[in-house]
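Listed here are the chains, written in short residue letters.
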Amino acid sequence: MKQFQILIVEDDQSVRNLISVTLKVHGYTYTTAVRAADAVMLSTSLKPDLVLLDLGLPDTDGTEVIRSIRSWSNMPIIVISARSDDADKIAALDAGADDYLTKPFSTDELMARIRVVQRRLSLLQSGSGESDVFRNGDLLVDYKAALVKCGDTEVHLTLTEYKLLKLLSLNVGKVLTYSSIVKEIWGGSVETDIVSLRVHMATLRKKLGDVAREEPLIRTHVGIGYSMNRY
Ligand code: CA
């Protein structure tokens, strides 16, 4: 079996070293790049299983790297950014990044994100990502029958709630921005739709019993969007 290969794109040497050492300790194979141009080249030649990408690179913005990779590949991309500005994260996610980490981050956080990506990849590779039935922990979504169950209990959702749940489950592990969800569900991107999205999401989570869960099914990214955790 091919070893899980990670491409680290980071111009800050101390951060690059921290990530490299952490990956090494956990037995991952990795390659590093400092410039966006090298990142694009290496992603094509190595076809890594995951890219950890800094946004502030010396030659071009990291978002351009995401666009370039997305023009030919769905390889997972986790953005690592010092920017606390949500607009940058949203731009990176809308360009096709899967998740983000804000500097400074703990190595535990980094490893947790990588494991989410691996679980998502194994789900896709096992082919169950395209099946008619989605299972995640005690959640079951039967796409054909539009049926949702938590354990043995059927959950009755409105059409909008169901659409939201389906969208999140089809993108499990990936952070979806408010505007990308609104576009997908309502076909628009008006501010009022984001307000109504929050309302529908709140009722959906209530029906899924998410508030009572230790590890919620749906993760809220304040000011950015939502993702479904993978179990
Ligand atoms: Ca940087």
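Use the structure listed above.
Overview of the structure. Values in this document were obtained by computation on a predicted structure and should not be read as measured data.

With that out of the way, let us pick up the overall build of the protein chain. On a plain count of helices and strands, the protein chain comes out with eight helices and 12 strands. The C-alpha atoms of the protein chain give a radius of gyration of 18 Å, which matches the 17 Å a tight globule of 231 residues would have. Within the protein chain, counting contacts between residues at least 6 apart in sequence, those at least 24 apart form 59% of the total. Carbon together with sulfur atoms contributes 53% to the accessible area of the protein chain, which is approximately 11,300 Å² in total. Separation of charge centres in the protein chain, based on 28 positive and 30 negative side chains, amounts to 3 Å.

On to the coordination of the calcium ion. All of the protein donors around the calcium ion are Asp-11 (OD), Asp-54 (OD) and Gly-56 (O); their distances to the metal are 2.2 to 2.4 Å. Sequence spacing of the donors to the calcium ion: D-x42-D-x1-G. With Asp-11 in the loop between strand 1 (5-9) and helix 1 (13-25) and Asp-54 in strand 3 (residues 50-54), the pair connects residues that are 43 residues apart, well separated along the chain. You can call Asp-11 partly exposed: its relative accessible area is 32%.

Within helix 4 (residues 86-95), burial applies to Lys-89, Ala-92, Leu-93 and Ala-95. Projected down its long axis, helix 4 shows its buried positions confined to an angular sector of 160°, all on one face. Along its buried surface, helix 4 packs onto helix 3 (62-70), strand 4 (77-81), strand 5 (99-102) and strand 10 (176-177). One or two residues past the end of helix 4 sits Gly-96, with phi positive at roughly 125°.

Glancing now at the packing of helix 3 against helix 4. In a pair of packed helices, the angle between the axes and the distance between the axes together describe the arrangement. In contact at an axis separation of 9 Å, helix 3 and helix 4 are set at 10° when each is read in the N-to-C sense. Judged by the inter-axis angle, helix 3 sits roughly parallel to helix 4. Together, Thr-63, Ile-66, Arg-67 and Arg-70 of helix 3 and Ala-91, Ala-92 and Ala-95 of helix 4 make up the contact between the two elements. Of the residues in the contact of helix 3 with helix 4, the class split is four nonpolar, one polar and two charged.

For the rest of this paragraph, the subject is the nonpolar core. As a rule of thumb, nonpolar side chains are buried together in soluble globular proteins. Grouped together as the largest cluster of nonpolar side chains are 28 residues, with contacts concentrated most on Leu-139 and Leu-208. Top element by residues in this core is helix 6 (residues 159-170). It accounts for five residues. Once you skip the residues sitting within four places of it in the chain, Leu-139 turns out to touch Phe-134, Val-148, Lys-149, Cys-150, Leu-165, Leu-208, Leu-217 and Met-228. In this structure, Ala-39, Val-51, Met-75 and Tyr-100 belong to the second largest nonpolar core, which totals 23 residues.

In strand 12 (residues 225-228), alternate side chains face the same way, and those of Gly-225 and Ser-227 on one face and Tyr-226 and Met-228 on the other are all buried. Here strand 10 runs beside strand 12; their pairing, made up of two bridges, is antiparallel. Its bridge partner lying in strand 12, Leu-176 is registered against Tyr-226. One ladder, built from four bridges, connects strand 11 (residues 218-221) with strand 12; its direction is antiparallel.

Turning our attention to the pattern of salt bridges. Applying the stated criterion across every chain, the model contains 13 salt bridges. In this structure, the salt-bridge partner of Arg-70 is Asp-98, at a minimum N-O distance of 3.1 Å. Here Asp-98 lies in the loop between helix 4 and strand 5 and Arg-70 lies in helix 3, a separation of 28 residues in the sequence. We classify Arg-70 as partly exposed; its relative accessible area is 21%. Judged by relative accessible area, Asp-98 falls into the buried class, the value being 4%. Because the salt bridges share partners, they merge into one network encompassing Asp-138, Arg-205, Asp-210 and Arg-213.

Right, let's talk about the packing of helix 6 against helix 7 (residues 178-186) for a bit. At a closest axis distance of 10 Å, the pairing of helix 6 and helix 7 adopts a crossing angle of 125°. Considering the angle they form, helix 6 stands oblique to helix 7. Note that helix 6 runs across helix 7; the crossing there is right-handed. Along the contact surface, helix 6 presents Thr-160, Lys-163, Leu-164 and Leu-167, while helix 7 presents Ile-181, Glu-184, Ile-185 and Trp-186. Taken together, the residues of the contact of helix 6 with helix 7 sort by class into five nonpolar, one polar and two charged.

What counts as what
- Residues numbered from 1 in each chain as written.
- Predicted model: local features only at pLDDT ≥ 70, side-chain atom pairs only at ≥ 80, totals over all residues.
- Heavy atoms only, no water.
- Helix = DSSP H or I, 4+ residues; strand = E, 2+ residues; numbered from the N terminus.
- Rg over C-alpha atoms; globule rule 2.2 N^0.38 Å.
- Contact = heavy atoms within 4.5 Å.
- Areas by Shrake-Rupley, 256 points an atom, 1.4 Å probe, with all protein chains shown as cover.
- Lys, Arg positive; Asp, Glu negative; His and termini not counted.
- Charge placed at Lys NZ, Arg CZ, Asp CG, Glu CD.
- Donors = N, O, S within 2.8 Å, 3.2 Å for Na, K, Ca; no water.
- Buried < 20%, exposed > 50% of the residue type's maximum accessible area, 1.4 Å probe, protein only.
- Arc of directions from axis to C-beta.
- Axes fitted to C-alpha atoms, helices over the stretch in contact; angles between N-to-C directions.
- Parallel < 35°, antiparallel > 145°, perpendicular 65-115°, else oblique.
- Nonpolar A, V, L, I, M, F, W, Y, C, P; charged D, E, K, R; others polar.
- Core = buried A, V, L, I, M, F, W, Y, C linked by side-chain atoms within 4.5 Å.
- Pairing = 2+ DSSP bridges.
- Salt bridge = Lys/Arg side-chain N within 4 Å of Asp/Glu carboxyl O.
- Left-handed = near helix turned anticlockwise from the far one by under 90°.

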